[in-house]
Amino acid sequence: EQKKNTNNIISSLLNSTSGGEKAVEVEIRELVDMIHAAASDPDIVALYGTFGQGHQFQCGGYAHVEEIRNAIRVFNESHRRHDKKSGDGDGSKDGSRDGEEVLPTQKFSYAYADTFDNPTDPGNKEYFLASAFSQVHMQPRGNMNLFGVSMSNFF
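Residues numbered from 1 in each chain as written. Predicted model: local features only at pLDDT ≥ 70, side-chain atom pairs only at ≥ 80, totals over all residues. Heavy atoms only, no water.

Colleague: Run through the overall build of the protein, naming residues and quoting values.
Modeller: When its secondary structure is counted, the protein shows 4 helices and 5 strands. Secondary structure elements of the protein, listed N to C terminal, follow the sequence α-α-β-α-β-β-β-α-β. Buried positions account for 26% of the 155 residues belonging to the protein. Once local pairs closer than 6 in sequence are excluded, the contacts in the protein between residues at least 24 apart make up 74%. Of the roughly 11000 Å² that the protein leaves accessible, carbon and sulfur atoms contribute 51%. (Helix = DSSP H or I, 4+ residues; strand = E, 2+ residues; numbered from the N terminus. Buried < 20%, exposed > 50% of the residue type's maximum accessible area, 1.4 Å probe, protein only. Contact = heavy atoms within 4.5 Å. Areas by Shrake-Rupley, 256 points an atom, 1.4 Å probe, with all protein chains shown as cover.)

Colleague: Describe helix α2 (residues 28-40), listing the residues and the values that go with them.
Modeller: Under the 1.5 Å per step criterion, the end-to-end length of α2 is 19 Å for 13 residues, consistent within 8% with the ideal 18 Å. Inspection of α2 places Val32, Asp33, Met34, Ile35, Ala38 and Ala39 among the buried residues, and these make up the whole buried set. (Expected span 1.5 Å × (residues − 1).)

Colleague: Describe the sheet that holds strand β5 (residues 135-138), and please don't skip the residues or the numbers.
Modeller: Spatial ordering of the open sheet is given by β1-β4-β5, a layout of 3 strands whose pairing is parallel. Bordering the open sheet on either side are β1 (46-51) and β5, each of which pairs with just one other strand. With strand direction ignored, the average angle separating the axes of adjacent strands in the sheet is 15 degrees. Strand direction decides the pairing type here: β1 and strand β4 (residues 108-113), joined by 6 bridges, are parallel. Directly across from Gly49, in β4, lies its bridge partner Ala111. Taken strand by strand, helix α3 (residues 62-77) contacts β1 and β4, and its axis lies near 130 degrees from that of β4. (Pairing = 2+ DSSP bridges. Axes fitted to C-alpha atoms, helices over the stretch in contact; angles between N-to-C directions.)

Colleague: Can you lay out empty space enclosed by the protein for me, pointing to particular residues and giving the numbers?
Modeller: One pass over the structure, following the stated rule, counts 1 cavity of 30 Å³ or more. The computed volume of the largest cavity comes to approximately 30 Å³. Lining the largest cavity are Phe116, Asn118, Asp121, Asn124, Lys125 and Glu126. (1 Å grid on protein atoms, 1.4 Å probe; cavity = no way out; pocket = protein on both sides within 12 Å on 5 of 7 lines; lining within 4 Å. Points joined across faces, edges and corners; volume = space filled by probe spheres on them.)

Colleague: Provide a residue-level description of the nonpolar core, including the pertinent values.
Modeller: In terms of nonpolar packing, the biggest core is built from 18 residues, with Ile35, Phe51 and Ile72 touching the most fellow members. Sort the elements by how many residues they give to this core and α3 lands first, with 5 residues. Leave out the neighbours within four places in its chain, and Ile35 touches Leu47, Ile68, Ala71, Ile72 and Phe75. (Core = buried A, V, L, I, M, F, W, Y, C linked by side-chain atoms within 4.5 Å.)

Colleague: Now, about the environment of Thr105: what can you tell me, with residues and values included?
Modeller: Structurally, Thr105 is set in strand β3 (residues 104-106). Taking the relative accessible area as the measure of exposure, Thr105 reaches 29% and is therefore partly exposed.

Colleague: Could you give an account of the pairing of β4, with specific residues and numbers?
Modeller: Remember that side chains alternate between the two faces of the sheet whenever the strand is regular. By the alternation rule, side chains of β4 split into Ser109, Ala111 and Ala113, which are all buried, and Phe108, Tyr110 and Tyr112, of which none is buried. Summarising the sheet, β4 and β5 pair through 4 bridges and their orientation is parallel. By the bridge assignment, Tyr110 is partnered in β5 with Gln135.

Shown next as structure tokens:
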């Protein structure tokens, strides 16, 4: 049931375009489960996240962002095997030839933002999340205003 629900969400994400359509709303737990499923799927080679103006990322607090960051770290640490075509090698299970080892290749994650200047989020949650990706790219003319995270307690 959960896998079917995850597949429905993934297919709706793949069928949507960024131009003028309604944003897809996903609960944090569903997003984390999708990233974990992508980490274990050998057919998925990379993760791509888009941030900045026009791409509204909204979540609760830093605890939710940390959950997503941890899932992205799991994805970054996962590997994918390049299996050789059947018929190559000696018919062994992993497709390797005599004495040849099939090496896993690392999965990468890419984040892109036109800007990290979000006036509604002075705590920079978007950049905090994007920093978990293996590479972060920003438009050359984009703004990046980093403010520290602070709390005060009145007594």
